[in-house]
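Tertiary structure, described
Residue-level listing of the chains:
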Amino acid sequence: MEADKKNKEESLAGDAAAEWADRRLCSDGNCIGVIGPDGRCNECGKPDAGGAGATVAAPETPLPLAVADQPDEVVAPEEDQGGEWADRRLCSDGNCIGVIGPDGRCNECGKPFTG
């Protein structure tokens, strides 16, 4: 019984690693999307730029089945705290990953900035 459970977990970890190895990132550096089977980004809809696009490396350890709580505030690495990081305004909706654009609205959900 225990051996069956271990084999199943190893199989799931192998499947997850294979899935990560086959992913291609969107060519738009500001997008978080992945190129889908239709050749378009699943987030912004841009077509795959082709060529030697970025691929996502498989994680060294299997992904956890449950996602841990995320921190309330995202902080850029120390060497990047300045320049464009210092100028960014995050969306005021705590559940959104967007950044406020030049039009004063979130680039993900469209909400206006309420600072």
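Please refer to the structure placed before this passage.
Described in the following lines is the structure provided in the data block. Since we're looking at a predicted model, the values are computed, not measured.

Rules used throughout
- Residues numbered from 1 in each chain as written.
- Predicted model: local features only at pLDDT ≥ 70, side-chain atom pairs only at ≥ 80, totals over all residues.
- Heavy atoms only, no water.
- Helix = DSSP H or I, 4+ residues; strand = E, 2+ residues; numbered from the N terminus.
- Buried < 20%, exposed > 50% of the residue type's maximum accessible area, 1.4 Å probe, protein only.
- Contact = heavy atoms within 4.5 Å.
- Areas by Shrake-Rupley, 256 points an atom, 1.4 Å probe, with all protein chains shown as cover.
- Salt bridge = Lys/Arg side-chain N within 4 Å of Asp/Glu carboxyl O.

Examining the overall build of the protein
A count of helical and extended segments in the protein gives two helices and zero strands. The buried share of the protein, taken over its 115 residues, is 13%. Within the protein, counting contacts between residues at least 6 apart in sequence, those at least 24 apart form 25% of the total. A total of about 9,200 Å² of accessible surface is found on the protein, and carbon and sulfur atoms cover 51% of it.

Let's talk about the environment of Val-99
Its place among the elements puts Val-99 in the segment after α2 (84-87). Residue Val-99 is classed as buried on the basis of its relative accessible area, which comes to 19%.

Regarding the pattern of salt bridges
Tallying each qualifying case throughout the model produces three salt bridges. For the salt bridge of Asp-93 with Lys-111, the shortest nitrogen-to-oxygen distance reads 2.8 Å. Taken together, the residues span a long stretch of sequence, with Asp-93 in the segment after α2 and Lys-111 in the segment after α2 at a distance of 18 residues. We classify Lys-111 as partly exposed; its relative accessible area is 40%.

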